[in-house]
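Listed here are the chains, written in short residue letters.
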Amino acid sequence: MRYSIGIGRKSGYYSRTLRSIQHLPMTTTPQDLNERGLKATLPRLRIIRLFETSRDCHMTAEDVYRRLKEDGLDIGLATIYRVLTQFEQAGLLLRHHFESDKAVYEINRGHHHDHIVCLHCGKVEEFFDAEIEKRQNEIAQEKNFEVVDHALYLYGYCATGDCAERRRAESDEG
Ligand SMILES: [Zn+2]
Ligand SMILES: [Zn+2]
């Protein structure tokens, strides 16, 4: 298993938004968008709704594109990229860079958690461990750092037999 830890290496903007984190309602209304300086257009409403209602809550721009298309809504990828960036800047979404070059987004509910990612199929699980959080803070203190943010990603492989990519690879071989 590989792992990477980043402590306080995000941009100043990100740190500020993290400190003033706001607990959003479960359903983002057009008014919520307006209050953040974003007009409530159809693409924006549908994209935020998708994140709020989707079971798989960590999505790339391509995932969003595919899901909306399945629902009969053809919004161009360029628009989706732009909306996701706007939502991230407005604090509605969080952006992650897991072990690929594609950014992964999720709703910002203001609750800190960390992630474990399957390198085969991209499945993401969330976790929060008070002991790890405490140790990270202690280490930062020892190093004389004031922590403003951290991201802990564990990378591995789905081991429960439900890894879609591994099943495909195995059936290709045999
Ligand atoms: Zn998450
Ligand atoms: Zn997997």
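In case you missed it, the structure is sitting above this.
Thresholds applied
- Residues numbered from 1 in each chain as written.
- Chains lettered and ligands numbered in written order.
- Predicted model: local features only at pLDDT ≥ 70, side-chain atom pairs only at ≥ 80, totals over all residues.
- Helix = DSSP H or I, 4+ residues; strand = E, 2+ residues; numbered from the N terminus.
- Buried ≥ 20, exposed ≤ 12 C-beta atoms within 10 Å, placed from the backbone.
- Contact = placed C-beta atoms within 7 Å.
- Core = buried A, V, L, I, M, F, W, Y, C linked by C-beta atoms within 7 Å.
- Axes fitted to C-alpha atoms, helices over the stretch in contact; angles between N-to-C directions.
- Parallel < 35°, antiparallel > 145°, perpendicular 65-115°, else oblique.
- Left-handed = near helix turned anticlockwise from the far one by under 90°.
- Nonpolar A, V, L, I, M, F, W, Y, C, P; charged D, E, K, R; others polar.
- Expected span 1.5 Å × (residues − 1).
- Pairing = 2+ DSSP bridges.

Looking only at helices and strands, the chain has 7 helices and 6 strands in total. Listing the helices and strands of the chain from first to last along the sequence gives β-α-α-α-α-α-β-β-β-β-α-β-α. Among the 174 residues that make up the chain, the fraction classed as buried is 13%. For the chain, restricting intrachain contacts to residue pairs at least 6 apart in sequence, the fraction spanning at least 24 positions comes to 59%.

Moving on, we come to the nonpolar core. Among the nonpolar cores identified, the biggest contains 14 residues, and Ile 47, Ile 48, Val 64, Leu 84, Phe 87, Leu 93 and Tyr 105 are the most heavily contacted of them. Filtering out sequence-adjacent residues up to four positions away, Ile 48 remains in contact with Thr 28, Phe 87 and Leu 92.

A few words now on unusual backbone geometry. For Asn 144, which is not a glycine, the phi torsion comes out positive at approximately 65 degrees. Examined against the element boundaries, Asn 144 turns out to sit in the loop between α6 (130-142) and β6 (150-156). The class of Asn 144 is exposed, set by 6 C-beta atoms lying within 10 Å.

With that settled, consider the environment of Ala 40. Here Ala 40 shows up in the loop between α2 (30-35) and α3 (42-53). Sequence separation of Ala 40 and Pro 30 is 10 residues, and the distance between their C-alpha atoms is 5.1 Å.

Turning to the packing of helix α4 (residues 61-70) against helix α5 (residues 77-89), a few remarks are in order. At a minimum axis distance of 9 Å, the contact between α4 and α5 shows a crossing angle of 120 degrees. Judged on the interaxial angle alone, α5 and α4 are oblique. Between α4 and α5 lies a crossing of right-handed hand. Where α4 approaches α5, its residues Ala 61, Val 64 and Tyr 65 are matched on the opposing element by Leu 77, Ile 80, Tyr 81 and Leu 84. Partitioned by chemical class, the residues of the contact of α4 with α5 number 7 nonpolar, no polar and no charged.

Once that is clear, we can look at α3. Because each turn of an α-helix spans 3.6 residues, side chains separated by three or four positions end up pointing in the same direction. Here α3 contains 12 residues, and its C-alpha end-to-end distance of 16 Å stays within 8% of the 16 Å for a straight helix at 1.5 Å per residue. The inward-facing, buried residues of α3 contact α2, α4, α5, β2 (93-96) and β3 (104-107).

Following both chains from N to C, one finds α3 and α5 inclined at 70 degrees, their axes separated by 10 Å at the closest point. Comparing their axes, α5 and α3 come out roughly perpendicular. In terms of crossing hand, the pair formed by α3 and α5 is right-handed. Across the interface between the two elements, Pro 43, Arg 44, Ile 47 and Ile 48 from α3 touch Thr 79, Ile 80, Val 83 and Phe 87 from α5. When the residues that make up the contact of α3 with α5 are grouped by side-chain class, the tally is 6 nonpolar, 1 polar and 1 charged.

What follows is about the pairing of strand β5 (residues 124-127). Alignment of strand β4 (residues 114-118) against β5, held across 4 bridges, turns out to be antiparallel. From the neighbouring strand, His 115 faces β5, where its bridge partner is Glu 126. Hairpin connection of β4 to β5: 5 residues between the antiparallel strands, including Gly 122 at a positive phi of 85 degrees.

Bear in mind that shape data such as this cannot, by itself, settle questions of function.
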